[in-house]
Amino acid sequence: MIYCAVLFLAIVIATCIVDAKTILCSGVNKTHTHGWKVNDESCVYLTMDDVRTAMANYLWKNIMPYDVPRAISLGFNPSAATTPSSYVETQIAASEQLGSIQSPSRFLQQSLQTQPCVDGLSDGILNQTLHYSLLAKSMYPWADAIPKDIYIEFVVPYAIANEPRTDYRQLVFESMRESLKTWERPTTNRLQMVEQYDIQGTLKEVVKLINTRLWSILGRPNKPIVFQAGLTPRIYDPLSVIAYGHSSCTGLAVLLISALRTVGIAARLAGTPAWYGDEENGNHSWLEVYIPGDGGGQWIFLEPSPGIAEGDEDTANADDLDRDPCKRWFCKSDRFNGSTLVFATLYTRSELSLFYPMAWGVGDEGVIGLNRTDYYNSICGVCP
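How each quantity is defined
Residues numbered from 1 in each chain as written. Predicted model: local features only at pLDDT ≥ 70, side-chain atom pairs only at ≥ 80, totals over all residues. Heavy atoms only, no water. Phe/Tyr/Trp six-rings, centres within 6.5 Å; stacked < 30°, edge-to-face > 60°. Helix = DSSP H or I, 4+ residues; strand = E, 2+ residues; numbered from the N terminus. Buried < 20%, exposed > 50% of the residue type's maximum accessible area, 1.4 Å probe, protein only. Lys NZ or Arg CZ within 6 Å of the ring centre and 35° of its normal. Salt bridge = Lys/Arg side-chain N within 4 Å of Asp/Glu carboxyl O. Arc of directions from axis to C-beta. Contact = heavy atoms within 4.5 Å. Disulfide = S-S within 2.5 Å.

1. Section: the packing of aromatic side chains
And step 1. Under the definition given, this model contains 22 aromatic pairs.
And step 2. Aromatic side chains W286 and F330 sit 4.4 Å apart centroid to centroid with 25° between the ring planes, which places their arrangement in the stacked category. Of this pair, W286 sits in strand β10 (residues 284-291) while F330 sits in the loop between α12 (313-316) and β12 (343-346), and the two are 44 residues apart along the sequence. Of the two residues examined, W286 and F330, each falls in the buried class.
And step 3. Among the aromatic residues, those joined into a ring-pair cluster are W275, W286, F301, W329, F330, F336, Y375 and Y376.
And step 4. Between the NZ or CZ atom of K137 and the centre of the ring of W36, over which it lies, the distance is 4.8 Å.

In structure tokens, the structure reads:
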């Protein structure tokens, strides 16, 4: 079904709240202004159009090479703002010089409400992604504590690695919304809602809840999404995992990351392409979630907990961000003795960027990565 209507964000009071733990930059006002945390001590406020344009330009400037030939189909629209990174300039020149990108303005959004969509056409994945990224920012208080650069890189992107690009956000957002009603901010008095939350505690609680309920909510009746080995990259993107009802570790991690991003929680893929540096020993994927706090916040890892059926949530004990890392099956000193390399996915590109090595795509350097080996050696290297 073509999604034509544009949902306007609720009208609230824009405010900045400082407490002993974190700064919260909240909400939107009558001019559709978003408050963003830019460092540990201040907030900046931008209009809705400016935020959408900044997000679209960021996605274009750092676009993955797989997406260059189909950029227009994804929803990118040529204009005269910024240019893409030099890393992908050769791919762009080889296909078509699309120029820079600007997200459709509020004027265009309003026109879509009064004019029927052309039969068979929609506005592409990009605009749905931006729409739900901004909607989550206005609805959930934890989004106010996430710095702007973290939010744009680890919430907004429509892709995580080289998985097929699918339009999952509306489905996941609407499916999870009832479970998150407790934290959803009303259309009035958002200041009160922000003040009553311990953001770090709330984020951890919500992450565990999503890791508990996601699999039954998006699964079939009485048949939650489950683990099945050996399916990457065949069943790997969120909609394929939902459709088949199963995936291996990478697909399950991608689905959980996608669900967290859809509700405004920064998350990224992590894993090793080869245990002990040897491909014959296999690989593994999991995820990391950003928890804001003093000193720039921290990334904490966990695993998906698929297979939890409806009604079993209270006894399932899904993985969460407070769990002792040593209780995870792979977090052991014998695996992290210096021979296993671990990476996390990034979206921002530069000339000095590393790539994210994928066991299912050996030699593919299209996904940017961050070497996290030292972190996991320090955490798991002490586990018996």
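2. Structural notes on the pattern of salt bridges
Pairing between side chains of opposite charge can happen when their charged atoms approach one another.
And step 1. One pass over the full model with this rule turns up 13 salt bridges.
And step 2. As a salt-bridge pair, D319 and R328 come within 2.7 Å of each other at their nearest N and O atoms.
And step 3. Its relative accessible area of 4% is what places D319 among the buried residues.
And step 4. With a relative accessible area of 4%, R328 lands in the buried category.
And step 5. One network of salt bridges, in which partners are shared, links D67, R70, E163 and R165.

3. What about helix α13 (residues 373-380)?
Note: α-helices contain 3.6 residues per turn, so residues at a spacing of three or four share the same orientation.
And step 1. Along α13, the residues that are buried comprise T373, Y376 and C380. Summarising the axial view, the buried residues of α13 lie within an arc of 70°, below the 170-degree limit, and thus occupy one face.
And step 2. Residues of α13 that are buried sit in contact with β9 (267-272), β10, β11 (298-302) and β14 (368-371).

4. Quick notes on the state of the cysteines
And step 1. On inspection of all chains with the given rule, the structure shows two disulfides.
And step 2. Two residues, C326 and C383, share a disulfide whose sulfurs are 2.0 Å apart. What sets the handedness of the C326 and C383 disulfide is the S-S torsion sign, and at about -75° it is left-handed. Remark: C383 occurs in the segment after α13 and C326 occurs in the loop between α12 and β12; sequence separation between them is 57 residues. Side by side, C326 and C383 carry an identical accessibility label, which is buried.
And step 3. With a sulfur-sulfur separation of 1.9 Å, C331 is cross-linked through a disulfide to C380. Across the S-S bond of C331 and C380 the torsion is about -100°, and the bridge reads as left-handed. Here C380 lies in helix α13 and C331 lies in the loop between α12 and β12, a separation of 49 residues in the sequence. Neither C331 nor C380 differs from the other in exposure class; each is buried.

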